[in-house]
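Chain by chain, the residues:
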Amino acid sequence: MIIAVDGPVAAGKGTLARRLAAALDYAYLDTGSIYRAVAAKILAAGGDAENPETATAAARALEPIDLERDDLRLETVSQAASKVAAIPSVRAALLDFQRDFADRPPGRRNGAVLDGRDIGTVVCPEANVKFFLTASVEARAARRHKELIERGEESIYARVLQDLRERDARDSGRATAPLRAAEDAVRLDTSSMDADQAFAVAMAEIARRRD
Ligand code: DC
């Protein structure tokens, strides 16, 4: 069983995907962390995340341990991740890793939940259930701002909003595997839903598909 959870920044994908995986005892892969790890390695080495050769070499050299880096959530890494993610050869280099995870979930689990931007459209078009989460950019910025403050980081709402708009434009506007809903995806607008409500709707949909 493969479950795809796609959507823009801060739509609640990670929270939903993690909860689904825990409830179903499936493996979970946050595919954004793969692009973040490539970006973090380039920045740490003083490289240019927009240089296709540098970025492709970093993607090819990526190892599972890189996904554990503690700098993946930095704002500089977030911005650089959406730049490396726009390079087609970087995406190609990272496809097999994601597909292997979905087809042979670690720990011999019976299924996998993957979240990202192109799981339902490109990485696992054969996924059994696909969700596409959306929410207004203001609702997402407010959520991200609150998260940053709670983590003790400095945050200015207007800047968070601007940052999300830039990343949305880059993720949706790129030529290769842009952010978009698969035709057979179940759309969930989380603007006025809390995490429990989104989880309940998603679990009901999965139960319906399994019957
Ligand atoms: O979900 P996130 O914010 O951690 O993702 C970081 C960046 O990686 C984001 O700007 C878009 C990119 N990404 C992607 O292009 N495809 C995916 N499947 C996951 C993330």
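Details of the structure are given in the entry above.
No experiment lies behind these values; they were computed from the predicted model shown.

Procedures and definitions
- Residues numbered from 1 in each chain as written.
- Predicted model: local features only at pLDDT ≥ 70, side-chain atom pairs only at ≥ 80, totals over all residues.
- Heavy atoms only, no water.
- Helix = DSSP H or I, 4+ residues; strand = E, 2+ residues; numbered from the N terminus.
- Rg over C-alpha atoms; globule rule 2.2 N^0.38 Å.
- Buried < 20%, exposed > 50% of the residue type's maximum accessible area, 1.4 Å probe, protein only.
- Contact = heavy atoms within 4.5 Å.
- Areas by Shrake-Rupley, 256 points an atom, 1.4 Å probe, with all protein chains shown as cover.
- Lys, Arg positive; Asp, Glu negative; His and termini not counted.
- Charge placed at Lys NZ, Arg CZ, Asp CG, Glu CD.
- 1 Å grid on protein atoms, 1.4 Å probe; cavity = no way out; pocket = protein on both sides within 12 Å on 5 of 7 lines; lining within 4 Å.
- Points joined across faces, edges and corners; volume = space filled by probe spheres on them.
- Nonpolar A, V, L, I, M, F, W, Y, C, P; charged D, E, K, R; others polar.

**Points about the overall build of the protein chain**
- Secondary structure summary: the protein chain contains nine helices and five strands in total.
- Starting at the N terminus and walking to the C terminus, you meet the elements of the protein chain as β-α-β-α-α-α-α-β-α-β-α-α-β-α.
- Relative to the 2.2 N^0.38 estimate, which gives 17 Å for 211 residues, the radius of gyration of the protein chain is 16 Å and therefore close to what a compact globule would have.
- Here the C-alpha coordinates of the protein chain stretch approximately 50 × 40 × 30 Å along the principal axes.
- When each of the 211 residues of the protein chain is scored for burial, the buried share is 50%.
- A fraction of 79% describes how many contacts in the protein chain between residues 6 or more apart in sequence connect residues 24 or more apart.
- Carbon and sulfur atoms provide 50% of the accessible area of the protein chain, an area that totals close to 10,400 Å².
- A distance of 2 Å separates the average location of the 31 positive side-chain charges in the protein chain from that of its 34 negative side-chain charges.

**Concerning the layout of surface pockets**
- Considering only enclosed or pocket space, the largest pocket measures out at about 930 Å³ in volume.
- In this structure, the largest pocket is lined by 41 residues; those nearest its centre are A10, K13, G14, R73 and R144.
- If you list the elements that add at least two residues to the lining of the largest pocket, you get α1 (13–24), β2 (27–30), α2 (32–44), α4 (75–84), β3 (112–116), α7 (137–150), α8 (157–173) and α9 (195–210).
- Its residues assigned to classes, the lining of the largest pocket shows twelve nonpolar, nine polar and 20 charged.
- Of the pockets and cavities examined, the second largest pocket occupies roughly 280 Å³.
- Every element with two or more residues in the lining of the second largest pocket is listed here: α4, α7 and α8.
- Among the elements that line the lining of the second largest pocket, the one with the most residues is α8, at four residues.
- Its residues placed into classes, the lining of the second largest pocket shows three nonpolar, three polar and six charged.

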